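# Fold and contact review
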Amino acid sequence: MNTSIKNAVNVSTLESIVEAMKKIEEKKVLKLVNYAIREGAAQAQIIEAIQRGLDQIGHFFEEGKYGVTDLMMAGIIFEEVLKLPSLKLINEESEEPIGRILLCTIERDLHDIGKSIFKSAALMSNFEIIDMGINVTAEQILNETINRKPDIIAISSILAEGVRYIKEVNEKLVTAGIRDQVKIIVGGLSTHRQAIEYTGVDAFANDVYEGVKQCKIWVNEGGEAN
Ligand code: B12
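All of these numbers come straight from a predicted model, not from anything done at the bench.

### Here we look at the overall build of the chain
- Within the chain, the regular secondary structure consists of nine helices and five strands.
- The N-to-C order of helical and strand elements in the chain reads α-α-α-α-β-α-β-α-β-α-β-α-β-α.
- Computed over C-alpha atoms, the radius of gyration of the chain comes to 18 Å, within 12% of the 17 Å expected from 2.2 N^0.38 for 226 residues, which places it in the range of a compact globule.
- Principal-axis analysis of the C-alpha atoms places the extent of the chain at approximately 55 × 45 × 25 Å.
- Burial status across the chain gives 46% buried among its 226 residues.
- Partitioning the contacts of the chain with sequence separation of at least 6, the portion at a separation of at least 24 is 71%.
- In the structure as shown, the chain presents an accessible area of about 11,800 Å², 50% of it carried by carbon and sulfur atoms.
- Computed over 25 positive and 34 negative side-chain charges, the inter-centroid distance for the chain is 3 Å.

Now the structure itself:
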């Protein structure tokens, strides 16, 4: 994905996006995003601005100023932004896929925005994506791995409890004798470097672009992790 800044982007437009997002002002966010794109903002800058707004919303939620409905509305706004044609998050050129990724949000977790961003970035890099959706169990991941033979399993885990289910994914693949046939990468709020050791996955990335870069290394080099 080209994340270079084409023109000088007005920093205040990006700050206005953060503010509008923070206040959950849907129309204003969409208007500002379109404006920022016309100013030459890169996709990554826009996503980063929205994410900063979401972080504030998260804090307000923790403080009790916002409720679940507000979280939900925030999620809807982000989805609307991701769908904007001007953001061009989908690669329209139909080139031969460089590899197959099985993607999901882990069991009991309904957050799918980070997953969608990873999906867009991976599609832009010509990966084939099998999107299993949200709240996906280790058993379902195992079955789909056997059936679809992906090169990589990419798991999004936003809730803290996700780590235990990711560990289960690794254990099921080991028991089935197919763990060495697939790489596993995880990302999300609940994951950190220590989680790699605990869960037995191959890599961790909280930045989708870093995550896709790692996936490319695996498919290009025949599967060696960093
Ligand atoms: C929107 C939102 C929701 C929406 C989600 C809508 C949707 N369509 O996804 C809804 C309303 C459903 C929701 C529900 C809940 N939520 Co919520 N939610 C949020 C909020 C505000 C934003 C999350 C988000 O989308 N962020 C933007 C994305 C882009 O960021 P991200 O998910 O982290 O993804 C980035 C990286 O992590 C990474 N990444 C993510 N996945 C992957 C995968 C791979 C492979 C890679 C490489 C990278 C990667 O790349 C992304 C881009 O940089 C956060 C607050 C916050 N600070 O994030 C709380 C937050 C995540 N929620 C929280 C909570 C507590 C809940 C609820 C339990 C609330 C409740 N009492 O009901 C429920 C749980 C429901 C469930 N079972 O999942 C807590 C989680 C605490 C924790 N760590 O366990 C947070 C942190 C709020 C808080 N501060 O308390 N939520």
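### Here's the deal with the sheet that holds strand β2 (residues 127-131)
- With parallel pairing, five strands are arranged side by side in an open sheet as β2-β1-β3-β4-β5. The open sheet has two edge strands with one neighbour each: β2 and β5 (203-204).
- Here strand β1 (residues 99-105) pairs with β2 via five bridges, running parallel. In the strand pairing of β2, isoleucine 101 is matched with isoleucine 129.

What counts, and at which threshold
Residues numbered from 1 in each chain as written. Predicted model: local features only at pLDDT ≥ 70, side-chain atom pairs only at ≥ 80, totals over all residues. Heavy atoms only, no water. Helix = DSSP H or I, 4+ residues; strand = E, 2+ residues; numbered from the N terminus. Rg over C-alpha atoms; globule rule 2.2 N^0.38 Å. Buried < 20%, exposed > 50% of the residue type's maximum accessible area, 1.4 Å probe, protein only. Contact = heavy atoms within 4.5 Å. Areas by Shrake-Rupley, 256 points an atom, 1.4 Å probe, with all protein chains shown as cover. Lys, Arg positive; Asp, Glu negative; His and termini not counted. Charge placed at Lys NZ, Arg CZ, Asp CG, Glu CD. Pairing = 2+ DSSP bridges.

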